[in-house]
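Each chain, letter by letter, is given below.
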Amino acid sequence: MSSTFYGFEVARTGLVASQYALNVTGHNISNADTVGYTRQRLLTTSKVPAVGFTQFALSECATVGGGVSVDAVNQIRDEFLDRQFRKENADACYLDKLTAGLTDIETMFDELSSMSISKTLSEFFNSFQDLANNPTDYEVRAEVQSKAMQLTSTLNYYHGKLSDQQTVYDLSVDTLTGKVNEIAESIAHLNKTIEEYEITGETANDLRDQRNLLLDQLSGIVDITYYHTPSGQLYVQLGGRDLVSHTTLGALATAQTGYNPLTGLNELNEVVWASDSAAVTITSGSLKGTLQLRDGNTKDEYGIPYLVDSLNTLVNALADEINAVHSQGWTLPCDENGGASITGVNFFDDFGGAVPVTAGNFKLDDAILLTPNNIAASDTEITAANHQEGNNLNAHAILAVINSSSLSGINNFQGYMTTIVSTLAIRVSYSKNMSEMQKVMLSNKEASRISISGVSIDEEVANMLRYQHAYNAAARVITTMDEALDMLINRMGIVGR
Amino acid sequence: MRITSSMIMNTFLSNLNNNLNSLDRLQAQSSSNRRIVKISDDPVGLLTTLQVRDRINDIEQYSRNIDEANLWLRQAENSMMEINSIITSCYEDVLRASTSTMSPTDRQAVAAKIAQMRDQLVNVSNSRMNNKYVFGGFNTVNEPFEVSGGVLYYNGIDMVNGDPVALEAQKDQKMEFEIASGGLKMNVAFTGVELLGTGEDNLYGILDRLYDALEADAPGNELAAYADVLLEKQSEMLGMISDAGARCVRLDMLRTRYEDDTLNYTKIQSQIEDVDQAEVYMNYKMAEAVYQASLSAGARIIQPTLLDFL
């Protein structure tokens, strides 16, 4: 025989559970737009009959269950999707960073505009044609000089812009490394808090949400891997080494030891482990994108150094090939040379071979800057006895070099410039496409994740109605029992009273 | 699949962004009138158009070179025509003077005229184009021909008794212009050595001796011999004139071809680089319609929730 008031207790658990469920629904609706929030659900089970272990059944009614028991508030989350998302996120952020950087460079290399390297190169070559046509005209010579100066200053400008950009990326490496440390430290801190919280047996749902969000952010910067120990401790690894081992942080640092191909100095920020200065292996994420833009010097690992290197090759070829022919020729006699015609004059400054010619220091030889008469158009010395002012044979020899398609290393000047530009265009376009594809992939993963974990207002409202009805029904059960007892206690056995 | 409102919102936002992107791209194309706004828009087209640009640039330069070369040739041709008329006039005078009916006084008069022609010859041979001497080889700034003590000097070398090797070497001073790709050059000038000839029988020397003969009242048959020499010189001169003419024709033909080429290449360049405004406008209208449709669809889907119907 069960207790008289057993039914009240059963109905009460229903009231409590519904109220609890309404609270959870309220929490979900409140956080519908909170970034990183995972929807929560109340876990309930039905209570077994309150009979204990007896040898015989006391009565039939005793097998009625004891109502509902509230077990836990659960998160609905798929760990596997989290992993997939974070992996794709690293690649997406890498490609995004790379594309943004390459697009910046591309905007600079607007080779179809009127002020492009190709254009100034063509104009410079044309001026040599005019020189061959009119080797004696001062105006024509001055034009060669000014077009050449335009070419050198344009290349200097591009070199300057590219190295400025590289410096920005170098600073960005430092900032991103700091950001990795910051996030990793927060994760280590959260690990500690979560452990303390969960010691009671509760689940720290909302703290876990925060930690997951941090892992998402971290995966965008560097390609992390992570695992949970059986006891629930979280370890985050980067390049095979622990970045976070439960509550301990394995911090990163930057050391100014990285080789800069642009300056030849060891001055770039290198990402290392703070504890032993060992290099960190980074293969994806926005930090990798930044590193590639700063350091990339192959066609596959395209970055600023590759582009600058290509420009340097062009500049070196220009200086070497044109100087070789130009220095064979003879200049126009002028007051600056005491009225004599001289030979052995370089067109571009080769700094006596002391430093390599680069797009950054590319300039005309001082003699050419002094006077355009020092442009050697003649292949013969011009003297009072041998008036060969109109000799244009050396100008033609220079034109032969300009038109040549068999220059060592670059084949042809204009052809090489076209290759530089089209390689850049292809890299940018490739990177853009890859980035687009990766973004689609990432948004797919994100959609699968939200599909499972995201809050649906409609669903919550429907649940809210359900819980409301359940609550009302449980309350009605109590009312009904109350009426039944009222009948029993107050109105029974009063016949004839 | 379970669909949540934030999924719908994300999809909507990312598609809306894509639509805006294409609007932006079309807008940039239309307003800049450039099909390739950024070089990565069409790397293959970019490669072609850069090569076409180089080609157009070359053609423009070669056309300028041809114009310049034409000026030189025309000037040389004109001067040679003038020299030719000098020879003709001298030839006629010699024929007249060689007849026995002419009196010594008249021959003196003819001699004076020949002397004038002889000096005129030097003048014409020193003719200039844009302040450059056309018959001086590489010597374009100083007068190539100079008469000193009755002797004609070309670039400082005695045309009669000078070193024959040195004189021959003067012929190498060809003023050349690059007129086609691959370094194809055309020689546009005639050197003084070719123009007047060297040794005893240079044109100046002939006229000088003719003058002396007329002054000395030489016999008719001796004078008649000069007529033959002059005829020979004239045929040489005519040969050079027609040579110059032929070169002018070749240059003109090349110039015409370059004009056609420029037209063709510019067309290719325009096809790659320029925007077909009508097409872009059509595409823009289409993109705009898609954008507006996505906005209105988004507004309808996002607005209502279950709450609106309870």
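Parameters at a glance
- Residues numbered from 1 in each chain as written.
- Chains lettered and ligands numbered in written order.
- Predicted model: local features only at pLDDT ≥ 70, side-chain atom pairs only at ≥ 80, totals over all residues.
- Heavy atoms only, no water.
- 1 Å grid on protein atoms, 1.4 Å probe; cavity = no way out; pocket = protein on both sides within 12 Å on 5 of 7 lines; lining within 4 Å.
- Points joined across faces, edges and corners; volume = space filled by probe spheres on them.
- Helix = DSSP H or I, 4+ residues; strand = E, 2+ residues; numbered from the N terminus.
- Nonpolar A, V, L, I, M, F, W, Y, C, P; charged D, E, K, R; others polar.
- Pairing = 2+ DSSP bridges.
- Axes fitted to C-alpha atoms, helices over the stretch in contact; angles between N-to-C directions.
- Parallel < 35°, antiparallel > 145°, perpendicular 65-115°, else oblique.
- Left-handed = near helix turned anticlockwise from the far one by under 90°.
- Contact = heavy atoms within 4.5 Å.
- Buried < 20%, exposed > 50% of the residue type's maximum accessible area, 1.4 Å probe, protein only.

**Regarding the layout of surface pockets**
Its volume calculated, the largest pocket comes out at about 1,300 Å³. Those elements giving two or more residues to the lining of the largest pocket turn out to be α2 (79-108) and α10 (413-453) of chain A together with α1 (5-32) of chain B. When its residues are assigned to classes, the lining of the largest pocket shows nine nonpolar, 16 polar and nine charged. Each pocket or cavity is described by its volume, and for the second largest pocket that value is around 650 Å³. Val35(A), Gly36(A), Glu446(A), Arg449(A) and Ile450(A) are the residues nearest the centre of the second largest pocket, which is lined by 26 residues in total.

**Observations concerning the pairing of strand β8 (residues 265-273) of chain A**
All names here are of chain A. Where strand β7 (residues 252-260) lies against β8, eight bridges are found, and the strand directions are antiparallel. For Gly258, the partnering residue across the bridge sits in β8 and is Leu268. Two successive antiparallel strands, β7 and β8, enclose a turn made up of four residues, where Gly264 displays a positive phi of approximately 75 degrees.

**Concerning the packing of helix α3 (residues 117-133) of chain A against helix α4 (residues 138-198) of chain A**
Residues and elements named next belong to chain A. It is the contact of α3 with α4, at a shortest axis distance of 9 Å, that shows an interaxial angle of 160 degrees. Between α3 and α4, the interaxial angle falls into the category roughly antiparallel. Two packed elements cross with a definite hand, and for α3 against α4 that hand is left-handed. Here Ile117, Thr120, Leu121, Glu123, Phe124, Ser127, Phe128, Asp130 and Leu131 of α3 lie close against α4, whose contacting residues are Val140, Arg141, Glu143, Val144, Lys147, Ala148, Gln150, Leu151, Thr154, Leu155 and Tyr158. Tallied by class, residues from the contact of α3 with α4 come to 11 nonpolar, four polar and five charged.

**Brief notes about the pairing of strand β6 (residues 176-180) of chain B**
All names here are of chain B. Of all five residues that make up β6, four are buried, and the element is covered over most of its length. In terms of strand pairing, β6 meets strand β7 (residues 184-187) through four bridges, oriented antiparallel. Paired with Glu176 across the two strands is Asn187, which belongs to β7. Here β6 folds back onto β7, and the loop between the two strands holds three residues, one of which, Gly182, carries a positive phi near 80 degrees.

**Regarding the sheet that holds strand β3 (residues 145-148) of chain B**
Residues and elements named next belong to chain B. One open sheet accounts for three strands, arranged β3-β4-β5; its pairing is antiparallel. Where the open sheet ends on each side, the last strands, each with one partner, are β3 and β5 (157-158). Where β3 lies against strand β4 (residues 151-154), four bridges are found, and the strand directions are antiparallel. In the sheet register, Val147 faces β4, and the bridge partner there is Leu152.

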